[in-house]
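Structural overview for review
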Amino acid sequence: MAAEGKSCGGCGVCCKLPEIRELSKPVHVTCTNFVAGRGCSIYADRPGSCRAFECGYLQNPDLDDRWRPDRAGFLLYFAPGPRLVVETDLETPDTWRREPFISQIREWSRRDRGTWMEVVARTGDRLTM
C-alpha cells in the first residue's frame, strides 16, 4: 500500500527492472504493456507477480521524491530475510552509492540498530551486500 501522498505516476521502473515470468518479460527490459506517462495498459488484468509487488519508495513515507525509482535510478523492494533489495538500472548502476542514498542505505543495514536488515544492491549479475 502506498504511503499518503505517493503514487507511481509515470515511473514504470518496476515494469523494467524485474523479471515478470507470467509475461515472459526478462530483467532490464521494459514490459510491452507499459505506456510512458500513463503506466500499465493491462493494470486491471496484470499478473499476480505485478499485483504482489510492493515498491519500497511508495511504502516508506520518509523517502522524498529523490528516491522515486525513475529519479533515483534504482528500485527498492523487500525480500524474505529481512532483506532490502536495491535493484539498480544498468543505465545508472552507481546512483545508489551517492548521497543522499548511500548514507540511508548504510543506516538501514547497521546491526547495532534495533531494527536492522540485510541490504543487497543488485546490478545485473553483481551483488553488493
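Our subject is the structure listed above.
Each value, and the rule that gives it
Residues numbered from 1 in each chain as written. Predicted model: local features only at pLDDT ≥ 70, side-chain atom pairs only at ≥ 80, totals over all residues. Heavy atoms only, no water. Buried < 20%, exposed > 50% of the residue type's maximum accessible area, 1.4 Å probe, protein only. Helix = DSSP H or I, 4+ residues; strand = E, 2+ residues; numbered from the N terminus. Pairing = 2+ DSSP bridges. Core = buried A, V, L, I, M, F, W, Y, C linked by side-chain atoms within 4.5 Å. Contact = heavy atoms within 4.5 Å.

So, about the pairing of strand β4 (residues 83-88). Judged by how many residues are buried, β4 sits mostly within the fold: five of six residues are covered. With six bridges connecting them, strand β3 (residues 74-79) and β4 associate as antiparallel partners. Residue pairing across strands places Tyr 77 opposite Val 85, the latter belonging to β4. With five bridges joining them, β4 and strand β5 (residues 118-123) adopt parallel strand pairing. In the sheet register, Val 85 faces β5, and the bridge partner there is Val 120.

Attention now goes to the nonpolar core. Grouped together as the largest cluster of nonpolar side chains are 24 residues, with contacts concentrated most on Trp 67, Phe 74, Leu 76, Val 86, Ile 105 and Trp 108. Counting only elements with at least two residues in this core, the list comes to α2 (56-59), β3, β4, α4 (101-109) and β5. Apart from the residues lying within four places of it in its own chain, the contact partners of Val 86 are Phe 74, Leu 75, Leu 76, Trp 96, Ile 105, Val 119, Val 120, Ala 121 and Arg 122.

Remember, this is a structural readout, not a statement about activity or role.
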